[in-house]
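Okay, here's what each chain looks like letter by letter:
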Number of protein chains: 2
Amino acid sequence: MATRTDAPTRREQILKEAARLFAERGFHGVGVDEIGAAVGISGPGLYRHFAGKDAMLAELLVGISEQLLRGGERRTAEAAGSPGAALDSLIEGHIDFALDDRPLITLHDRELDRLRDSDRKLVRSSQRRYVELWVSAVRGVYPGLAEAEARASVHAVFGLLNSTPHLGRPGALPGREAMAGLLRRLAHGALEAASKGDAGDSSGSGRSQ
Amino acid sequence: MATRTDAPTRREQILKEAARLFAERGFHGVGVDEIGAAVGISGPGLYRHFAGKDAMLAELLVGISEQLLRGGERRTAEAAGSPGAALDSLIEGHIDFALDDRPLITLHDRELDRLRDSDRKLVRSSQRRYVELWVSAVRGVYPGLAEAEARASVHAVFGLLNSTPHLGRPGALPGREAMAGLLRRLAHGALEAASKGDAGDSSGSGRSQ
DNA sequence: TCCCACTGTTAGTGAGCGTTAACGTATGTC
DNA sequence: GACATACGTTAACGCTCACTAACAGTGGGA
């Protein structure tokens, strides 16, 4: 992860602002003029850098999903042999992503179907492989968990970790480090609980009721 | 809960199909002609039943948020005096909602900003009160949890429970009752874990790392 | 100096789409 | 029978908006 010091190129500026705007008001809710205005040029000037509005979305979504997958692969490779460490690292990486790239998270599961078939297939493929990474890690730690339940649990934990964009003002919530710690506890607790009481007992899972 | 036996009115048919289409392709991604076709009439015939496309979305979102809030209020009232029972019942109700009304869930946090100011205020108000219901219940069961963390945890659990729409085909996942049980365990486990290790320890929360 | 690639501008075009207008028909009521 | 109401239809309007055309300034390399 080479930390870059050079100034962002125009393409990158555009992608960043487009991501923010798309996340705020949806793909169809944002006009090219607004995206242009956000980077100081106006409207059709964007077409010097991208083939069209669709191309920006495609590049964003493909980029996110591939980056997420590569990060996951790297982390599981580093933790090879220790399922616990792999799962911890996956959770850690996903928390970083959720806290640092809120707009991208939102886009990721909101505007996927706007893509051309080929791009959507690309994104879906990366997503699927990322999920499988998680499912393997989870089942490595909790071998008792059936595959379907592990997969559903992984999706649920994604929903849990990706919940930060829904917290309105970033004031009334814990600071970044506290938030990361809380999400870590929530995710571990959820998975731990999923692995218990797995024997078809679908009535009172917890305390009372 | 009066189970209705009479046929759904045309308005209700339209709302149901509109909800499904909006959830699938987004508010702007669906044309009025498609909505009309989905109920067997064509395009502008919808205007005999609704003032416009916006009005359909507004009625949907206001309806969902108010229904959710009323259900929560009823459940906490029924469980008055027992914080544990209240939280259990809230979780149960939200799971039912998530499993039975997937399209509405999706709409609920995706298309809110398309609404007129007055309607959006209505929805936001219901949402806020619903969250506060949960925060009170959570803090009743786990008094050690600070308010900001309880609120963040509640949002996270919403994300967890609302994750079912993201599961592609409804075939590769557990059946309805198994899924409900799994979500119950996940939610309880997450909140339980949030309440522990609350003393600013933001490093190793769980097992290894 | 000439050239050309790069990056931007404004004006215009064409398609999509929400909405309205004008009109037709069945049903129940006086 | 006359009439109002409810519920549809098709045709057309007008606005928004992505995209293109035509044009212009800037800067580096031969």
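Residues numbered from 1 in each chain as written. Chains lettered and ligands numbered in written order. Predicted model: local features only at pLDDT ≥ 70, side-chain atom pairs only at ≥ 80, totals over all residues. Heavy atoms only, no water.

(A) A look at the protein's contact with DNA strand D. Around DNA strand D lies a shell of 15 residues, among which V32 and Y47 of chain A together with R10, R48 and H49 of chain B are the nearest. If you look at DNA strand D and keep only atoms within 4 Å of the protein, 53% of those are sugar or phosphate atoms. In this structure, a phosphate oxygen belonging to DNA strand D sits 2.3 Å away from a side-chain N or O atom of R10 of chain B. Here a phosphate oxygen of DNA strand D and a side-chain polar atom of H49 of chain B are 2.7 Å apart. (Near = heavy atom within 4 Å. Polar contact = N/O pair within 3.5 Å; in protein donor to acceptor, adjacent residues only side chain to side chain.)

(B) Here's a closer look at the nonpolar core. Within the largest apolar cluster, 124 residues are counted, with the highest numbers of intra-cluster contacts made by F22, I35 and W134 of chain A together with F22, I35 and W134 of chain B. Residues in contact with F22 of chain A, not counting those within four places in the same chain, are F27, V30, I35, K53, L57, L60, L107 and E111 of chain A. (Core = buried A, V, L, I, M, F, W, Y, C linked by side-chain atoms within 4.5 Å. Buried < 20%, exposed > 50% of the residue type's maximum accessible area, 1.4 Å probe, protein only. Contact = heavy atoms within 4.5 Å.)

(C) Inspection of empty space enclosed by the protein at higher detail. For the structure shown, the criterion picks out two cavities of 30 Å³ or more. Roughly 150 Å³ of internal volume is contained in the largest cavity. Taken together, 19 residues form the lining of the largest cavity, with E111 and R114 of chain A together with G26, E111 and R114 of chain B sitting closest to its centre. Looking at the lining of the largest cavity, the elements that each hand over two or more residues are α1 (10-25) of chain A together with α1 (10-25) of chain B. Of all the elements, α1 of chain B adds the most residues to the lining of the largest cavity, at three residues. Broken down by class, the residue content of the lining of the largest cavity amounts to three nonpolar, four polar and 12 charged. (1 Å grid on protein atoms, 1.4 Å probe; cavity = no way out; pocket = protein on both sides within 12 Å on 5 of 7 lines; lining within 4 Å. Points joined across faces, edges and corners; volume = space filled by probe spheres on them. Helix = DSSP H or I, 4+ residues; strand = E, 2+ residues; numbered from the N terminus. Nonpolar A, V, L, I, M, F, W, Y, C, P; charged D, E, K, R; others polar.)

(D) Region of interest: the protein's contact with DNA strand C. Neighbouring residues of DNA strand C: 15 residues in total, closest R10, R48 and H49 of chain A together with Y47 and K53 of chain B. Sugar plus phosphate: this is where 52% of the atoms of DNA strand C within 4 Å of the protein reside. Side-chain polar atom of H49 of chain A to a phosphate oxygen of DNA strand C: 2.6 Å apart, as the coordinates give it. Measuring from a phosphate oxygen of DNA strand C, one finds a side-chain N or O atom of K53 of chain B at 2.8 Å. Tallied by class, the residues present in the surface near DNA strand C amount to six nonpolar, five polar and four charged.

(E) Representation of the packing of aromatic side chains. Residues and elements named next belong to chain A. Considering all chains together, one arrives at eight aromatic pairs over all chains under this definition. With 6.3 Å between their ring centres and 65° between their planes, Y130 and W134 make a pair best called edge-to-face. Taken together, the positions of Y130 and W134, both in helix α6 (residues 117-141) and four residues apart, correspond to about one turn of that helix. Here the two residues Y130 and W134 agree in accessibility, since each one is buried. Ring geometry for Y130 and F158: centres 5.6 Å apart, planes at 20°, overall stacked. Residue Y130 is found in helix α6, and its partner F158 is found in helix α7 (residues 147-161); the two are separated by 28 residues along the sequence. The class of Y130 is buried, set by a relative accessible area of 6%. An aromatic cluster is built from Y130, W134 and F158, whose rings are joined through pairwise contacts. Above the face of the F27 ring, K53 is positioned so that its terminal group lies 4.3 Å from the ring centre. (Phe/Tyr/Trp six-rings, centres within 6.5 Å; stacked < 30°, edge-to-face > 60°. Lys NZ or Arg CZ within 6 Å of the ring centre and 35° of its normal.)

(F) Just the interface of chain B and chain A, in detail. In this complex, chain B contributes 48 residues to the contact, which on the side of chain A involves 48 residues. A combined buried area of about 4100 Å² lies between chain B and chain A, and 55% of that area is made up of carbon and sulfur atoms. Between the two partners, chain B and chain A, sit zero salt bridges. Counting residues per element, the ones that place at least two in the side of chain B that touches chain A are α1, α4 (83-100), α7 (147-161) and α8 (176-195) of chain B. The element that contributes the greatest number of residues to the side of chain B that touches chain A is α8 of chain B, accounting for 12 residues. When its residues are assigned to classes, the side of chain B that touches chain A shows 17 nonpolar, 17 polar and 14 charged. (Buried area = accessible area lost by both parts, 1.4 Å probe. Salt bridge = Lys/Arg side-chain N within 4 Å of Asp/Glu carboxyl O.)

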